[in-house]
Amino acid sequence: MTSVASIFTFLTKRRGGLLTVIGLIFVLTLFGVIVSDKFGTYSNAVNILEQSTPLAIVSLGQTLVIITGGIDLSIGSMVSLASVLLSGLTAGDPVMMYVAIVTILVLGGLVGIINAGASIYLRVHPLIVTLGTGAILQGITLLYTQTPIGKMPKGFDELAYGRVLGLPLGAVFTIVVFVVTAVFLRKVPLGRYIYATGDDAVGAQLMGLPRRKVLFVAYGFCGMMAAVASIFLVARLGAGQPYTGQNFTLTSITPVVVGGTLLSGGRGGVIGTLMGVYLVSLLNNLLNFLSLSTHYQLIVQGLIVIIAVSVYVENKRKV
Amino acid sequence: MLTISKVSKSFPGVKALSDVHLEVKAGEIHALVGENGAGKSTLTRIIAGVHQPDEGTIEFDGEIVHWASPAAAKAAGIHVIYQEFVLFPNLTVAENIFLGHERRGFMNGIDHSRTRQDAADLLGRLGVKIDPDALVAELSVADQQMVEIAKALVHKVKLLILDEPTAVIAGHEVELLFGRLRALRDDGVAIIYISHRLEEIFELCDRVTVLKDGQFVATEQVEAMTNDSLVSLMVGRDMSELFPPKAPVGQTRPVVLSATDVSVKGRVHNANIELRAGEITALSGMVGAGRTELAMALFGGLPMSSGQIAIGGETFRKMTPSLAIEKGIGLLTEDRKGQGLAMLMDVATNISASDLNSVSKSGWLNHSAEQDIAKSEIENYRIACRGPQGAVLTMSGGNQQKVLVARWARTSKKVIIMDEPTRGVDVGAKAEIYRIMRELAAKGLAVLMISSEMPEVIGLADRVFVMREGVITGELGAGQIDEQRIIQLATQKRAS
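Residues numbered from 1 in each chain as written. Chains lettered and ligands numbered in written order. Predicted model: local features only at pLDDT ≥ 70, side-chain atom pairs only at ≥ 80, totals over all residues. Heavy atoms only, no water.

## Quick word on the side chain of Gln401 of chain B
Residue and element names in this part refer to chain B.
- Residue position: Gln401 is located in helix H14 (residues 397-411).
- The exposure class of Gln401 is buried, given its relative accessible area of 1%.
- The residues touching Gln401, leaving out its near neighbours within four places in the chain, are Leu332, Arg336, Glu420, Pro421, Thr422 and Ile433. (Helix = DSSP H or I, 4+ residues; strand = E, 2+ residues; numbered from the N terminus. Buried < 20%, exposed > 50% of the residue type's maximum accessible area, 1.4 Å probe, protein only. Contact = heavy atoms within 4.5 Å.)

## Re the interface of chain A and chain B
- Chain A puts 24 residues into the contact, and the matching count from chain B is 28 residues.
- The junction of chain A with chain B conceals about 2400 Å² of combined surface from both sides, 59% of it contributed by carbon and sulfur atoms.
- Summed over the shared surface of chain A and chain B, the result is one salt bridge.
- Across the chain A-chain B interface, the total number found is six residue pairs in polar contact (both at pLDDT 80 or more). (Buried area = accessible area lost by both parts, 1.4 Å probe. Salt bridge = Lys/Arg side-chain N within 4 Å of Asp/Glu carboxyl O. Polar contact = N/O pair within 3.5 Å; in protein donor to acceptor, adjacent residues only side chain to side chain.)

## Focus: the sheet that holds strand E14 (residues 306-311) of chain B
Residues and elements named next belong to chain B.
- The four strands are arranged E12-E11-E14-E15 in an open sheet whose pairing can be described as antiparallel. Each edge of the sheet is formed by a strand with only one pairing partner; in this case those strands are strand E12 (268-276) and strand E15 (314-316). Averaged over neighbouring strand pairs, the angle between their axes works out to 15° when direction is ignored.
- Pairing geometry for strand E11 (residues 255-264) and E14, over five bridges, is antiparallel. Each bridged residue has a counterpart across the sheet, and for Ala259 the counterpart in E14 is Ile309. (Pairing = 2+ DSSP bridges. Axes fitted to C-alpha atoms, helices over the stretch in contact; angles between N-to-C directions.)

## Concerning the confidence of the model for chain B
All names here are of chain B.
- The pLDDT averaged across chain B works out to 86; a share of 96% of its residues lies at or above 70.
- The element-level mean pLDDT for chain B is lowest in helix H11 (residues 336-340), coming to 67, with strand E20 (residues 446-450) highest at 95.
- Overall fold confidence for the complex sits at a pTM of 0.70, while the interface term, ipTM, reaches 0.75. (pLDDT = per-residue confidence, 0-100.)

## What about the environment of Leu279 of chain A?
Residues and elements named next belong to chain A.
- For Leu279, the position within the fold is in helix H13 (residues 270-289).
- Classification of Leu279 by relative accessible area gives buried; the value is 9%.
- Put simply, Leu279 and Gly155 are 124 residues apart on the chain and 30 Å apart in space, counted from C-alpha to C-alpha.
- Contacts of Leu279, omitting those with residues within four sequence positions, involve Val21, Leu24, Ile25, Leu28 and Val258.

Spelled out as structure tokens, the structure:
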């Protein structure tokens, strides 16, 4: 089987949207280079990659959840809670740092499992479940602290600003986890069941596929990724802040839908999401160069989500 | 292979099965027949482990079993091909075939090329040419069914259950299916074959078990039966008693609605159809032939991509449901629960739903007027319920259907469209609904019925339009309506 040919068919026939996104990235880059001579520089490219790391990781988790046909709206609050816990528990102590990291990873996974469990056993739509847990997590965060809290040991900011082979550490990490997840989805049966569950939940049940396991894994992974993202955020900001994750709920969905994952589930993938992340980050960066207020970024993001979803809905009907 | 004794199953408000027996041997094709609502699907789902019986025992392969889940039944060698396929449209053919039984390769990961290869082999054994890499969403219904059968071949299947397999395929495909089933039988597989088409049972099956209203009627050798004796077992009375007399022949009745070259993107192609006052017109054809889509287009529920609709001298190139209602068209959807009735609300609310103006005064709902109307309609259509405030949810399918008829008959002065009006309704209620439909026609309405049940089309309709693959392949008038003509039109290839 010629893999080049099959990749080509895959891109053109099954994931046509991906080519569009890559095309848009190209066009935006070109536009940026024309309007500003600082845009096309190596340091700006590195800057974009550095800034995109937390978003990429959060969106990765969100992708799996959305493929199952669900959604995780608690993710922003989870990032906030994990980041204040990380720096708060660490309080500058290198040993406590490891304890804190393990704690938030476990907590993130646990919250995801609770989200999945509530939607399975209480039969409440994930939209509502995660909206609820999101509010609870934000409340706990604010009870814990209302200001930036704690600090990280020296050298922790290497995570945010360090380089591997000239690339930001975070960007390399991002690519590794995305590739691992892509392989999981493609090579491990459970990965395929994630698609099947999102495609037709009743059918999956009739076939005896492990629907509950699928949901526990997807939401658990999503919660854990929120915790991982908070590690990179804290590395960048120096300390956890109680509202630091606030925007991630919407912004984690944007790259997923831009990358061609259907909100109704069953179709899509993480590579599309990664392209979506780069597209969104590039756009935000470009808006900075145009000296527009960061508030415009929010407006543009909102528009992108709606446009992207409408484009793919139309695609689905044609099939 | 399988022995079911004294199995009963209730759902809230319905006794789906009571005291049912079924015995299927290895190496036989056993037909399971009965009217809609006789309990065939429930029984199938119990055998497949989807439902658990309230009472009774299931013995499979020499052991008493209690399936906790479909997976357990599947592991024991039971494979069900449901009427609604269990296929995942966004996965490829090969991925669907091996879903749950992935072909493993390097480091126990999914081996995509072996998956593809093995899928191609299985499809080859079935004698069909289907690309293993195609998305299931891109396949025709017949090919999707072949994928379903290929799925059964992946496992060492001991009992194969097919629920209405030929409802969606025709001609050569049916022959192919039968050949495959006979080969499986000769390999010692037990097969339960559920079908409404009696001629298939005579052609294919060894024994037949009849269910009626959730109860066991008889198990017989197929050879010992005739068409008529089987029908009378199923229905419990003679078919002809079900239908009211047709509209008198020889009168010309005015056309109330005529559709010219109506197309619905990808579903209906240039359909021409005329509906006449005082007649029951049937749209016949296979499931998926575009009947529902055409009806929806007439009602404005789906956008027309071309064509026009003329109603009483006015011509429309665009139709919307509100415009259709204003012009006197009503539509009773196939899915009563999802798209028709507000299940949690009472009878009165449901009846007045399409015509709130008639029960309002200067913008305020007049509840006593609503109740009065409901009372008279309940009487008019003989709806069995606890009065205007009875909950629709707890009523039988037939009575729910009557509530919908009552609603639409209030606003529909010209055309009433009924999509599968007797689906899931018992025989007694069917006769009632047929009578009501005939009365509506006699009042001067044009009634358009979509039905997959051949006896219903033949027994009730004054005129039949047959569709295949989105095209109207023929019109049959009085004296021409018979099973052979309809099937021929429904299955013939497009002349192009």
